[in-house]
Amino acid sequence: MSTRIDKQRRGLLKVAAALGLASVTPIESLVAPAVAGVADAIPLRLYNSNTKERYDVQLFVGNEWNAAGLVVCDWMMRDWREQEVVHCDRRLYAALYVLQRYFDTNSAVTINSGYRSAKTNAMLRNRSMSETGGRATWMTPAINSLHTHARAVDFVIPGADLGRVGEAIWDLNLGGLGRYDTFNHMDTGTRRRWGRGDDRGSGRR
């Protein structure tokens, strides 16, 4: 069993490395022709559960980021309540692409929450605390949430087991992992993890 899991993780990391996931500069690591071909041919499919918008995005042009594609991604990750758009950490988009390819799905990655303005984050934090009698829990949005810095996304990959997606996020070594009942949180902050059934770390989003 562990051999199969190790093999799967090696496969995930190989794809991630080939896509230059660790770099925020233009992708220069698309050296494997097969992976480069996949990146050119298969888009990042995104669906926003709040606005019901759906786009297929070409992230790369050759071994460069596709500027037009990044504009669409930033739009899909906007604070839809305030209609505020910012440039999000592109490593999130590369990671979503790697995960979409790893789980071999044609379904769109469902974005529940991307960038949040300070106003929206405060509203969500107050709402959460009102449900717990004013007490902050691990489910309460942090005051300085990485969502407000455009460095976090809450998402679902339809058809993929939430637990497996969470472990794949952790294997990417990108930053934080939060495991919730109906979605996973991924960010580019310090390496930490928290959430349902998770006792290997602490921290909040």
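Just so it is clear, the structure is predicted and the values come from calculations on it, not from any experiment.

(A) Seen up close, the overall build of the protein chain. Looking only at helices and strands, one finds 6 helices and 9 strands in the protein chain. Put simply, the protein chain has 205 residues, and 50% of those count as buried. The contacts of the protein chain with a sequence gap of at least 6 include a subset with a gap of at least 24, amounting to 59%. Per element, the accessible surface of the protein chain, about 9,900 Å² overall, is 53% carbon and sulfur.

(B) The arrangement of the nonpolar core in detail. Counting 36 residues, the largest nonpolar core has Leu 44, Leu 46, Leu 59, Leu 99, Phe 155, Ile 157 and Met 186 as the members making the most contacts within it. At the level of elements, β1 (44-48), α3 (67-76), α4 (90-102), β5 (109-113), β6 (152-156) and α6 (162-171) are the ones that each hand at least two residues to this core. For this core, the leading source of residues is α4, giving 8 residues.

(C) Examining the sheet that holds β6 more closely. With mixed pairing, 7 strands are arranged side by side in an open sheet as β2-β1-β5-β6-β8-β7-β9. Of all strands in the sheet, those bounded by a partner on one side alone are β2 (54-57) and β9 (192-195). The sheet shows a mean angle of 25° between the axes of neighbouring strands, taken without regard to direction. Summarising the sheet, strand β7 (residues 176-179) and strand β8 (residues 184-187) pair through 3 bridges and their orientation is antiparallel. Across the sheet, Leu 177 pairs through a bridge with Met 186, a residue of β8. Against the sheet, α6 touches β6, β7, β8 and β9, its axis set at about 170° to β7.

(D) Quick look at the packing of aromatic side chains. One pass over the full model with this rule turns up 5 aromatic pairs. Aromatic side chains Tyr 102 and Phe 103 sit 5.1 Å apart centroid to centroid with 75° between the ring planes, which places their arrangement in the edge-to-face category. By way of ring pairs, the aromatic residues Phe 60, Trp 65 and Tyr 97 are connected into one cluster. Between the NZ or CZ atom of Arg 78 and the centre of the ring of Trp 75, over which it lies, the distance is 3.7 Å.

(E) Seen up close, the pairing of β2. Sheet topology note: the β1/β2 ladder contains 4 bridges and is antiparallel. If you follow Leu 44 over to β2, its bridge partner there is Val 57.

(F) Inspection of helix α5 (residues 118-130) at higher detail. The terminal C-alpha atoms of α5 lie 18 Å apart, and with 13 residues this matches the ideal 18 Å at 1.5 Å per residue to within 8%. All buried positions along α5 are accounted for by Thr 120, Asn 121, Leu 124, Arg 125, Ser 128 and Met 129. The buried residues of α5 occupy an angular sector of 165° when the element is viewed end-on, so they sit on one face. Exposed and oriented more than 90 degrees from the buried face of α5 are Lys 119, Asn 126 and Ser 130.

(G) Layout of the environment of Met 139. Within the secondary structure layout, Met 139 lies in the loop between α5 and β6. Owing to a relative accessible area of 37%, Met 139 belongs among the partly exposed residues under this scheme. Each C-alpha atom, one on Met 139 and one on Arg 179, is 9.7 Å from the other, the two residues being 40 residues apart in sequence.

(H) A look at unusual backbone geometry. Although it is not a glycine, Lys 52 sits at a positive phi angle of roughly 65°. Its location among the elements puts Lys 52 in the loop between β1 and β2. With a phi angle near 60°, Ala 150 is a residue other than glycine that sits in the positive phi range. Mapped onto the elements of the fold, Ala 150 is located in the loop between α5 and β6. The class of Ala 150 is buried, set by a relative accessible area of 5%.

Definitions and cut-offs
Residues numbered from 1 in each chain as written. Predicted model: local features only at pLDDT ≥ 70, side-chain atom pairs only at ≥ 80, totals over all residues. Heavy atoms only, no water. Helix = DSSP H or I, 4+ residues; strand = E, 2+ residues; numbered from the N terminus. Buried < 20%, exposed > 50% of the residue type's maximum accessible area, 1.4 Å probe, protein only. Contact = heavy atoms within 4.5 Å. Areas by Shrake-Rupley, 256 points an atom, 1.4 Å probe, with all protein chains shown as cover. Core = buried A, V, L, I, M, F, W, Y, C linked by side-chain atoms within 4.5 Å. Pairing = 2+ DSSP bridges. Axes fitted to C-alpha atoms, helices over the stretch in contact; angles between N-to-C directions. Phe/Tyr/Trp six-rings, centres within 6.5 Å; stacked < 30°, edge-to-face > 60°. Lys NZ or Arg CZ within 6 Å of the ring centre and 35° of its normal. Expected span 1.5 Å × (residues − 1). Arc of directions from axis to C-beta.

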